[in-house]
Amino acid sequence: MKRLLLLLLLVSLVFADEDGSAMGDFFDDTVDFFEDQGNDFVEAGSTSGTGVVTTFTSIYDAFGPGQCGDDWISGSTIVGLWLAPAIIVGWIVMMGVIIIYMIGQLLSSQPLITLAKDEAFQTGLTFLRVVFVIAAVLAGQAWYSVSSVGTTDHIYQNNPLMIDAAMAFARQMVSDMTKHYSMLLLYNMVVHTIFSSTMWFGVTWRTMYSFNLGPVLKPLIDIIGTALQFLSLGLSSWMLHIVTLCLLKKWTWTLFIPLSMLLRALPYTRNAGETLFALTFSLAFFYPFMFIFDYEVHKIMENNIVDAQSAMSGFIHQSGILSVAGSVIIIMFLMAGVFMPFFLGGALTLALELIRGAIYYIVIMSLLLPFLNIFITLTAAKETAAFFRVDVNFMSFLKII
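Computed from a predicted structure; not experimentally measured. One numbering rule holds for all chains: residues counted from 1, following each sequence as written. Reporting of local features is limited, given that this is a predicted model, to residues whose pLDDT is at least 70; pairs of side-chain atoms are given and counted only at 80 or more, and all residues count toward the totals for whole chains, interfaces and linings. Side-chain measures were taken over the full set of non-hydrogen atoms in the model, leaving aside hydrogen atoms and water.

Draft legend 1. Quick look at a nonpolar patch on the surface. On the surface, Ile87, Trp91, Met94, Met95, Ile98, Tyr101, Met102 and Phe127 cluster together to form a nonpolar patch covering roughly 750 Å² of accessible area. Where helices and strands are cited, they refer to DSSP runs of H or I of at least four residues and of E of at least two residues respectively, numbered from the N terminus. Among the secondary structure elements, phenylalanine 127 is positioned in helix α5 (residues 110–148). Here phenylalanine 127 falls in the partly exposed class, since its relative accessible area comes to 31%. Residues enter patches when they are more than 30% accessible in relative terms and free of salt bridges; like-charged ones are connected within 9 Å and nonpolar ones (Val, Leu, Ile, Met, Phe, Trp, Tyr) within 5 Å. Working definition of accessibility: Shrake-Rupley area with a 1.4 Å probe, residue cover restricted to the visible protein chains. For this analysis, a salt bridge means a side-chain nitrogen from Lys or Arg found within 4 Å of a carboxyl oxygen belonging to Asp or Glu. Only protein chains enter the accessibility calculation, which uses a 1.4 Å probe. A residue is then buried if its area is under 20% of the maximum for its type, exposed if over 50%, and partly exposed in between.

Draft legend 2. Geometry of helix α9 (residues 270–301). One less than the residue count of a helix, multiplied by 1.5 Å, gives the span that helix is expected to have. In a regular helix each residue adds 1.5 Å, so 32 residues correspond to 46 Å; α9 covers 45 Å between its end C-alpha atoms and thus fits that length. The seven residues ending at a residue and the seven starting there each receive a fitted axis; the angle between those axes is the bend at that residue. Of all the bends in α9, the greatest, near 30°, is centred on leucine 283.

Draft legend 3. Expanded view of the nonpolar core. Ranked by internal contacts, the top residues of the largest apolar core, which has 52 residues, are Leu184, Tyr187, Ile224, Trp238, Tyr361 and Met365. For this core, the element with the most residues is helix α7 (residues 162–195), which contributes 16 residues. For this analysis, residues touch if any pair of their heavy atoms sits within 4.5 Å. Every residue in contact with tyrosine 361, bar those within four places of it in the chain, is listed here: Met173, Asp176, Met177, His180, Leu231, His298, Ile305 and Ser366. Throughout, nonpolar core names a set of buried Ala, Val, Leu, Ile, Met, Phe, Trp, Tyr and Cys residues whose side chains join them through atoms within 4.5 Å. One finds Trp253, Met261, Phe281 and Phe388 within the second-largest nonpolar core, a separate group that totals 17 residues.

Draft legend 4. Just α5, in detail. Along its 39 residues, α5 runs 57 Å from first to last C-alpha, staying within 8% of the 57 Å computed at 1.5 Å per residue. Phi turns positive, to about 80°, at glycine 150, one or two residues after α5.

Draft legend 5. Here's a closer look at the packing of aromatic side chains. Centre distance within 6.5 Å is the pairing criterion for rings of Phe, Tyr and Trp, where only the six-membered ring of Trp is used; planes under 30 degrees apart are then read as stacked, over 60 as edge-to-face, and the remainder as tilted. The tally for this structure, following the rule as stated, stands at 14 aromatic pairs. Between the aromatic rings of phenylalanine 371 and phenylalanine 375, the centroid separation amounts to 6.4 Å while the plane-to-plane angle is 20°, which identifies the pairing as stacked. With a gap of four residues between them, phenylalanine 371 and phenylalanine 375 both fall in helix α12 (residues 336–387), about one helical turn apart. Taking the relative accessible area as the measure of exposure, phenylalanine 371 reaches 46% and is therefore partly exposed. By relative accessible area, phenylalanine 375 is classed as partly exposed at 37%. Following the ring pairs from residue to residue traces out a cluster consisting of Tyr144, Tyr156, Phe169, Trp238, Tyr287, Phe291 and Tyr295.

What follows is the structure, given as structure tokens:
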């Protein structure tokens, strides 16, 4: 009796949607919505963004270039608002040295005069370090501007600054991984539906055999669940990269460089100032550059993985797994001999492709390349500090990471 009611329900669904496209259209509309939101996220804060302004778009704008500080080094200006805090701190340090020298002259204290002269020399070295950082970042920005001229790449076209392009690539990785995660989650829902359903086959209703595909699909479900967990971890790491780049753009010239100058002005914290100078220089110059390198690697390697949305859309529309076509669902639930070739021929192949794409995003894009970025950045900071005659082991940060 229960089987007869199930059959009648499926037949009624067939007549309710004769063309069998209700769920397929819902899938297409949902995918288009996520596509638009992902594009808004990538183009957050860009004047060329074409997404409709919604609540989600305003949330995405929180990670845009405009929200991470508009004042950043540019090749069109030599002295701008981005350099004002460093200039103010420089004047404060110079005035302190002059006051010490005047007090020494007033009290005829040779130690104070000697201290003032030594600190004046150290202040000059501090200014040289600031000029070195400015020149290096300007050179990197000039290289980026020359390299991106005439390109049709949307990342380079919409982001004239290298650090903005690095943030745009990080947002694109979050968008791509979210799309892949969504498709894998949808496939996981379909597999769990089959996993929990009972199949029958036989000649008549009285002589039928029933079985469950749970034990057969258990390894596949475990692999998909593991891939989903690590994809969520990869998404978190890329969100952290976005936050780090945003902090660098907003606070490099307004906090880190002036703080380095203040720390270096005091003899007792001079080594800390040198360390912060070296780390700030590496983060401002090498860290964004490594994301440009990652983007170029990604553009080459992404051709080797399947597009999750296109593959899932093709599987749904060609197989009818989510369309209420009636005949497909009846055959799947009542005739396992027909279902198994369908599953092995289409669904299993799609699962392998989705898992292969998840491994690419997890291992290569979320583990190997970010580790290379951090390793090169910290190595550059260590060598810069050694050039400033400060022995600092930045590699200990890798153990924490």
